[in-house]
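Residue-level structure breakdown
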Amino acid sequence: DAMVIQNPRYQVTQFGKPVTLSCSQTLNHNVMYWYQQKSSQAPKLLFHYYDKDFNNEADTPDNFQSRRPNTSFCFLDIRSPGLGDAAMYLCATSRGVLNTEAFFGQGTRLTVV
Amino acid sequence: AQSVTQLDSQVPVFEEAPVELRCNYSSSVSVYLFWYVQYPNQGLQLLLKYLSGSTLVKGINGFEAEFNKSQTSFHLRKPSVHISDTAEYFCAVSGSNQGAQKLVFGQGTRLTINP
């Protein structure tokens, strides 16, 4: 059974048109992460939530926002997608932050046209 | 801050041959180390992890890795690979203390198994 579910798997959006990617988990984990992975590159952490506490990476552009309305759901909002934002977006969860395994969703591949 | 270097971007291997994927890390604090596998258009799946204790760790799908503190390495090995092992492999590190626990990934190694 899928434990971290990302919807949709593939998303096409227009340049400049806001888009939201969603992630849900059935693991009841405290921490939820959003990573951006461009082609042939390592996943890059954008931000994470520890419960309701939001932690933004210093180099995450302001164009990227996130919401976590409850334990199970987390959203990634891209306010004005540019061509450079086309990537695979990975959601992950973990029970804590230290030494705990991160469980990843299948990812959402975002295309910007 | 932690960093990870995966020394090979691509590794082609024949089926049933052994393979080693190399990973070196740098950190000013004690670390936890991980190997993840990513199949095409999929998320990442944990293969194995080193937290403490025995330096040789065994993971899923017949993979193992050895933590070598003096050489700051965490190389991944499998004695006999299968076609199904074709994937991208990522080494990752996180610091063991508060404030340094972000998971940092290497650039990845694409393992291609040839029949």
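Going by the structure above, here's the rest.
These figures come from a predicted structure and were not determined experimentally.

Moving on, we get to the state of the cysteines. Residues and elements named next belong to chain B. The tally for this structure, following the rule as stated, stands at 2 disulfides over all chains. The disulfide partner of Cys23 is Cys91, and the gap between their sulfur atoms is 2.0 Å. Across the disulfide from Cys23 to Cys91, rotation about the S-S bond amounts to roughly -65°, and the bridge is consequently left-handed. With Cys23 in strand β4 (residues 23-26) and Cys91 in strand β10 (residues 87-95), this residue pair connects regions lying 68 residues apart in the sequence.

The subject of this paragraph is the sheet that holds strand β3 (residues 19-25) of chain A. Residue and element names in this part refer to chain A. Here we have 4 strands laid out as an open sheet, ordered β1-β3-β8-β7, and antiparallel in their pairing. In the strand order of this sheet, the two ends are held by β1 (4-7) and β7 (64-67), each with one partner. The average angle at which neighbouring strand axes cross in this sheet is 20°, direction not considered. Pairing of β1 with β3, which is carried by 4 bridges, proceeds in the antiparallel orientation. Paired with Ile5 across the two strands is Ser24, which belongs to β3.

So, about the pairing of strand β4 (residues 31-37) of chain A. Residues and elements named next belong to chain A. Most of β4 sits inside the fold, with 7 of its 7 residues counted as buried. Side chains Val31, Tyr33, Tyr35 and Gln37 of β4 all project onto a buried face; the interleaved residues Met32, Trp34 and Gln36 project onto the opposite face, where all are buried too. Pairing geometry for β4 and strand β5 (residues 44-50), over 6 bridges, is antiparallel. Counterpart to Gln36 in the pairing with β5 is Lys44. Taken together, the 7 bridges between β4 and strand β9 (residues 87-94) define a ladder with antiparallel strand orientation. Counterpart to Gln36 in the pairing with β9 is Tyr89.

Facing the 22 residues of chain A at the interface are 22 residues of chain B. Note on chain A versus chain B: buried area summed over both sides is about 1,800 Å², and carbon and sulfur give 54% of it. The interface formed by chain A and chain B holds 0 salt bridges in total. Applying the counting rule to chain A against chain B returns 6 residue pairs in polar contact (both at pLDDT 80 or more).

Conventions and cut-offs
Residues numbered from 1 in each chain as written. Chains lettered and ligands numbered in written order. Predicted model: local features only at pLDDT ≥ 70, side-chain atom pairs only at ≥ 80, totals over all residues. Heavy atoms only, no water. Disulfide = S-S within 2.5 Å. Helix = DSSP H or I, 4+ residues; strand = E, 2+ residues; numbered from the N terminus. Pairing = 2+ DSSP bridges. Axes fitted to C-alpha atoms, helices over the stretch in contact; angles between N-to-C directions. Buried < 20%, exposed > 50% of the residue type's maximum accessible area, 1.4 Å probe, protein only. Contact = heavy atoms within 4.5 Å. Buried area = accessible area lost by both parts, 1.4 Å probe. Salt bridge = Lys/Arg side-chain N within 4 Å of Asp/Glu carboxyl O. Polar contact = N/O pair within 3.5 Å; in protein donor to acceptor, adjacent residues only side chain to side chain.

No statement about biological role is implied by the geometric values presented.
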